[in-house]
Amino acid sequence: MAAATWAIEIDFDKNGTYDDYTADLDGIGNGLDVDNGAASGDGGFRSGTMSFSLRNHGGAWNRNYSSGSVYGLMNERVPARIRVTRSGTTTFFGGYITEYDGPVYEAVGAEDASWITFRADGLLSVLADDEVTVAASSSYDVDGALAAVFTNLGLTVTTDYVVTDSDQAIALFFADREPAGQVIKDLVASDMGGVIYEKKTGVIQFTPRDGLLHGTADATWGDDNAASPKVFPSRIRPIVRDRMADTVDVITRTVELGAGGTIVYQAKLGTQGPYGSTYLFKTITVPANQSLGPTVVSVNSKGVLGIQGVPASTAYLDYVANSASDGTGSDVTANVTVTFTLNASGTAYSYTITNTSASVVYLTKFIVRAVPILDGSGTSPGTALLSAPTGANDTSVGSVAWSNPTNVTSTNNSYATAVLTGGQTSNYLLVNAFGAGVPSNATINGVAFEVECKAAVQTTQVISARIVKAGTVETTVTRTVVVGTTEAYKILGASDDVWGTTLTPETVNNSGFGVALYFSAALADTYSVDHVKMTIYFETQVGVNKRAETWTAELAIPGVKGGQRRTYNLPWVSDSTKARDYAQQMLRIARYPEELLELTFPWKDDASRDAMIAAELYQLIAYQDTSVGPSRAAYVDDWYRVIGLSQRTTIGSAPETVALLKPSLNFRDLDNIAWDDFNRADGSLGKTPTGDTWVINDGAWEISSNKARPTSTALGVTTFDLGVSNFVAELSLSGLTADTSVIAGIVFRYASTLDSVRFTINRTGSNIWSIANVNGIPSTQASGAWTVTDTAELRIVVQGNRMRGWLDRKLVFDISNSHNSSDTKVGMYCDGRSTVELDNFYAQGL
C-alpha cells in the first residue's frame, strides 16, 4: 500500500516554471487546507482556496530581506499549486497567491520558529474584480460569450479555461468595463442550470445544463456490489434544508441593440518636447510616404466601449493632420488615410494610419466613432433616399405593355412609355431592387415614391401605384396622383404611409421591394416615366433598451405556510419559452426540502486515496448509503453530483476529504419538459402550455373548470412522449372523498394500456396506494395503506431501474423495477371516475 506524497510548488517569477518548497513545510500537517466548490453552510458555489504555512528558515521569507531568494517577488497573483503523487503525479489544486501573512523581521538561526502563511485563490476569484469589456454580438451562445470574456481577460483556452457548448442562445451580450465576476455569474445563470467551477488543476470549466443530466457514473462510492473500488465514508451527514417555496419568479432581461454615433475611442497621442510639461505637443508623427500600424485597440482598454461592426467609413473617424508638430502649420488632413480591421475573434480592433504625401505629417487629433453600447432607450429618426432601381414590365394587370421599362433607373429624359387608347389599362411598370440597407433594428414608419412622369396631351389623367413586396404586388391599397403634360416628380405615399401592410427592415431591404405603376381606364395618350426614387422613413433605437420580464409559477404546498417566494434573475436570456418552463422547474424543485449529503473519507487505503485524488467537482457519483432512506436494495442508482470538495490535513495523521453531494434528480432537462395546469377554456385536452399534444390512449378526456378528467366511468389513459426514460413526474388529485371506486394517478413507461407502469391511489374498497406493472393483469411492486382525504399529490422519480414514489410529499416506496425501461411516454390514468379531478401535471427529464 503506497501512501500519497505531496509537493507545494510556486512560480514566483511567473515564467511558467514552478519551484518545489515542500521542504519548508516541515511536515504536511502544518496548515494545508484546500476547498473547492460549494460549502455545506449554504450549498452555493465558491472559487477554490488553499492555505499553507512555510517555515521561515534564516529569514528567507521576510519580505524586506534583500538577500532572500524571493525578494521582490512576493506579489499578487503568483501561481501556486499542490501536486500529489501515488501511482502517478497529478495537480491537486492550482491557483494564485493573494495573501502573505508572516514576519517582517530576520529570523535568528536556521531553526527560528517563525512562519509565513500563504493564501491562494482559484482563478475565478482572482479575476472577479477585473474589468471586462466585450463588443456586442447578436450570435453568442452562453459558451461563446464566456469564451469572449475569458479571452478579453487574457486567458487561454484549454490552458486556463474550457467551455462546453451550451444549448441556450442569448440574443445579445456585451460588457462595458464591468466586474468580470458579475459578468461571468450572469452568463452562467442565463444557461438556466449550467455551472462554472475550477478543476483541481486550476482550469475554469463551464458545463451547460445538458452536460449535467443523468448518464454513466464517473465513480462508485459506498456500494455493496462487486464494483471496485469500494470506497466507504467514515462519516455521513445528511443535510436537509427546509427551503421550500410555493411561488417562484424568474426575471429575465431582453436587450435590443440600437444605432448611434458617438466617440468610442480617442488615441493617447505621444508626448514630445525636451521637458514634457514645458513643451507638450500631443501628436502622432507619420513619416513621408509611410504607414503607422497596425496599432491594436483592445476592447478592454479604458478608452474603448463595446463596438459593433467595423468603423471603416469616414463617418466613424475624426482626425486632423497638420504640417507642424505643434499644430500651427497648414492643414494636411487630406494626405492621411486610415483603415480599421476587426480581428477574427471579434475582441480587438487595429488601425493603420498612412501618409500619402512626400512630407512628414502630424496628427493632432484621432478619434473613432462607432455604434456605442449604452444603457437606456429612445429613438432616432432616419431616412433612406434611393434612386437607382431596376424596371420591368409585369403583365399581371392590364393589356398594354410598357416600352423600355429599364429606362427608369435615372433622370436622363430616356423614358419608359405606354401608348393607350381610350379606356385601356396598362401593364404594371415594376420598379424595384433599390437596395435599401435599412438597419435591422429599425421601425418602418412610411414609404414614399417620387415618379418623374408626364402625359403627351392629357392634363387630368392619374397614375396609380401599388406596393411590391418580395416581387409580389400588394393589391389592398392603391395610391394615385394626377399626371400633367409638364414633366415633374409626383409623390405617392408619405412619411407615415405603410400602404396598408406590414413593413419591416427585412421587407424593404429585399431586392423585390418597390412599386408597381399603371394607368387604369386611361384617356387616349402616350404616358412616359423618366425616373423613380424611393424614400423610406424609419426610426432606430438609440443605445440598448433593456426590458425585464417576470415569469411566475405558483402552487400551494399542503400543510405548509404560504407566501414563501424565490426569485431567480437570469440576465441575457432571450428564450422566453424556456424561461417560463424554468420557472416551473424551479418551483417543483423548491416544493420539496433541499437534501444534500456530506461524506467524509479518510485516506486510509489505496482505494480511498485513489478515489479522492481523482474526485472532481460535478462528477456523477453512484452512491448507496444503506443508513439513509427506506429499504434500499443492492443497486447503484442512487446518483449524486459532487458539488463541494474540502481537503484537510493535521500533524501526524492521514489526510481526509469531505465531499458534498447533491441529488442528481435536481439536475433536470429543460429541453424535455411538459407541464399542464389546464387553465384554459373547457373542452378537449388539446396541447400543454409547452406545446406537447395530449394523446388519448383510452376513453375520452376533457377540461372542465380548469381541471382534467375522463368523460365516462370507463378506463381513461392520456399520455405524451417525454423523449427520455429517466424523469420526474407529479400530479394533483381532488374529489377523492366522494368516489369510492376510483383508481387514479400517473402512468409511465407506457407501451400500451395493457403494458405500462402505474403509480395510483386505489379506492376500490381497499384505500391503498400502489405501484404496479401492467401486463394484462397488474403485478403490484409496492403498496401501502392510504388514509382517505379529498386531495392527494403524487410524485414519481425514475432513474434507470430505480423508482421512488412520494404520496402527499412523503417517500412511500423505493424499488428496483426494469419493466419497459426504454419507454418514454408518461401521462395520467383514471379508472372508474365519477368525481375525481386531475390537475397540475408536470414531467421533466433527468
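This section reports on the structure supplied with the text. (Residues numbered from 1 in each chain as written. Predicted model: local features only at pLDDT ≥ 70, side-chain atom pairs only at ≥ 80, totals over all residues. Heavy atoms only, no water.)

1. Digging into the nonpolar core
For step 1, the next point in the chain: In terms of nonpolar packing, the biggest core is built from 53 residues, with Ile10, Phe12, Phe118 and Trp221 touching the most fellow members.
For step 2, the next point in the chain: Filtering out sequence-adjacent residues up to four positions away, Phe12 remains in contact with Tyr21, Trp61, Val70, Leu73, Met74, Val78, Tyr100 and Phe118.
For step 3, the next point in the chain: Residues Phe678, Trp769, Trp786 and Ala843 belong to the second largest nonpolar core, which totals 41 residues. (Core = buried A, V, L, I, M, F, W, Y, C linked by side-chain atoms within 4.5 Å. Buried < 20%, exposed > 50% of the residue type's maximum accessible area, 1.4 Å probe, protein only. Contact = heavy atoms within 4.5 Å.)

2. Things to note about the packing of helix α2 (residues 142–152) against helix α3 (residues 180–190)
For step 1, the next point in the chain: At a minimum axis distance of 9 Å, the contact between α2 and α3 shows a crossing angle of 170 degrees. Considered as vectors, α2 and α3 are oriented roughly antiparallel to each other. Here α2 and α3 pass one another in a crossing that is left-handed. In contact with Val142, Ala145, Leu146, Val149 and Phe150 of α2, α3 contributes Val183, Ile184, Leu187, Val188 and Ser190.
For step 2, the next point in the chain: A per-class count over the contact of α2 with α3 returns nine nonpolar, one polar and no charged. (Axes fitted to C-alpha atoms, helices over the stretch in contact; angles between N-to-C directions. Helix = DSSP H or I, 4+ residues; strand = E, 2+ residues; numbered from the N terminus. Parallel < 35°, antiparallel > 145°, perpendicular 65-115°, else oblique. Left-handed = near helix turned anticlockwise from the far one by under 90°. Nonpolar A, V, L, I, M, F, W, Y, C, P; charged D, E, K, R; others polar.)

3. Structural notes on the sheet that holds strand β9 (residues 161–163)
For step 1, the next point in the chain: Spatially, the three strands line up as an open sheet ordered β9-β12-β11, and their pairing is mixed. Each having just a single partner strand, β9 and β11 (195–198) make up the two edges of the open sheet. Strand after strand, the sheet turns through a mean of 15 degrees between neighbouring axes, direction not considered.
For step 2, the next point in the chain: Note: β9 against strand β12 (residues 204–207), three bridges, orientation parallel. Opposite Tyr161, over in β12, you have Ile204 as the bridge partner. (Pairing = 2+ DSSP bridges.)

4. Description of the environment of Pro602
For step 1, the next point in the chain: In this structure, Pro602 sits in strand β37 (residues 594–602).
For step 2, the next point in the chain: Once the C-alpha coordinates of Pro602 and Arg235 are considered, the two residues, 367 residues apart in sequence, prove to be 9.3 Å apart.
For step 3, the next point in the chain: Once residues lying within four places of it in the same chain are set aside, the contact partners of Pro602 are Ser234, Ser608, Pro655 and Glu656.

5. Some thoughts on the environment of Asp101
For step 1, the next point in the chain: Tracing the chain through its elements places Asp101 in strand β6 (residues 89–101).
For step 2, the next point in the chain: Separated by 15 residues in sequence, Asp101 and Ile116 place their C-alpha atoms 5.6 Å apart.
For step 3, the next point in the chain: Beyond its immediate chain neighbours, meaning those up to four positions away, Asp101 contacts Arg63, Trp115, Ile116 and Thr117.

6. Here we look at helix α6 (residues 606–614)
For step 1, the next point in the chain: When we look at burial in α6, the residues that qualify are Ser608, Arg609, Ala611, Met612 and Ile613.
For step 2, the next point in the chain: Buried residues along α6 sit in contact with β5 (78–85), β6, β13 (219–221), β37 and β40 (656–663).

7. Some remarks on α3
For step 1, the next point in the chain: All of the buried residues along α3 are Ala180, Val183, Ile184, Asp186, Leu187, Val188 and Ser190.
For step 2, the next point in the chain: Two residues or fewer after α3 comes Met192, characterised by a positive phi angle close to 55 degrees.

8. Some thoughts on the sheet that holds strand β49 (residues 768–775)
For step 1, the next point in the chain: Spatially, seven strands are ordered β42-β45-β54-β47-β48-β49-β50 in an open sheet, and the strand pairing comes out antiparallel. The sheet is open, and its two borders are formed by β42 (695–698) and β50 (777–785), each paired with just one other strand. Ignoring strand direction, the axes of neighbouring strands in this sheet form an average angle of 20 degrees.
For step 2, the next point in the chain: Where strand β48 (residues 755–762) lies against β49, eight bridges are found, and the strand directions are antiparallel.

9. A word on the pattern of salt bridges
For step 1, the next point in the chain: Evaluation of the coordinates by the stated rule reveals 22 salt bridges.
For step 2, the next point in the chain: A salt bridge links Arg237 to Glu598; the shortest N-O distance between them is 2.9 Å. Here Arg237, found in strand β14 (residues 235–241), pairs with Glu598, found in strand β37; they are 361 residues apart in sequence, far enough to count as distant.
For step 3, the next point in the chain: Judged by its relative accessible area of 12%, Glu598 falls in the buried class.
For step 4, the next point in the chain: A salt bridge links Glu730 to Arg588; the shortest N-O distance between them is 2.8 Å. On the criterion of sequence distance, the pair formed by Glu730 in strand β46 (residues 727–734) and Arg588 in helix α5 (residues 576–590) is long-range, its members being 142 residues apart. For the residue pair Glu730 and Arg588, the accessibility class agrees, reading buried in each case.
For step 5, the next point in the chain: A single salt-bridge network, built from bridges that share partners, covers Arg86, Asp606, Arg609 and Asp610. (Salt bridge = Lys/Arg side-chain N within 4 Å of Asp/Glu carboxyl O.)

10. What to know about the environment of Val408
For step 1, the next point in the chain: As for its position among the elements, Val408 is in the loop between β25 (390–394) and β26 (416–420).
For step 2, the next point in the chain: Each C-alpha atom, one on Val408 and one on Asp530, is 5.3 Å from the other, the two residues being 122 residues apart in sequence.

11. A word on empty space enclosed by the protein
For step 1, the next point in the chain: Tallied over the full model, the rule gives three cavities of 30 Å³ or more.
For step 2, the next point in the chain: Put simply, the largest cavity is a space of about 90 Å³.
For step 3, the next point in the chain: Every residue along the wall of the largest cavity is listed here: Val34, Asn36, Phe92, Phe93, Lys200, Met612, Leu645, Ser646, Gln647 and Thr657.
For step 4, the next point in the chain: Every element with two or more residues in the lining of the largest cavity is listed here: β3 (33–37), β6 and β39 (639–648).
For step 5, the next point in the chain: The dominant element in the lining of the largest cavity, judged by the number of residues it contributes, is β39, at three residues.
For step 6, the next point in the chain: When its residues are assigned to classes, the lining of the largest cavity shows five nonpolar, four polar and one charged. (1 Å grid on protein atoms, 1.4 Å probe; cavity = no way out; pocket = protein on both sides within 12 Å on 5 of 7 lines; lining within 4 Å. Points joined across faces, edges and corners; volume = space filled by probe spheres on them.)

12. What about the pairing of strand β47 (residues 743–752)?
For step 1, the next point in the chain: With eight of 10 residues buried, β47 is to be regarded as a mostly interior element.
For step 2, the next point in the chain: Two elements, β47 and β48, share seven bridges in a ladder whose sense is antiparallel. Of the residues in β48, the one forming a bridge with Val747 is Arg758.
For step 3, the next point in the chain: With six bridges joining them, β47 and strand β54 (residues 825–831) adopt antiparallel strand pairing. Bridge pairing in β54 links Ile746 to Met828.

13. What to know about the side chain of Ser704
For step 1, the next point in the chain: Locating Ser704 in the fold gives a position in strand β43 (residues 701–704).
For step 2, the next point in the chain: Once you skip the residues sitting within four places of it in the chain, Ser704 turns out to touch Asp682 and Arg709.

So far we have only geometry, and geometry alone does not tell us how the molecule works.
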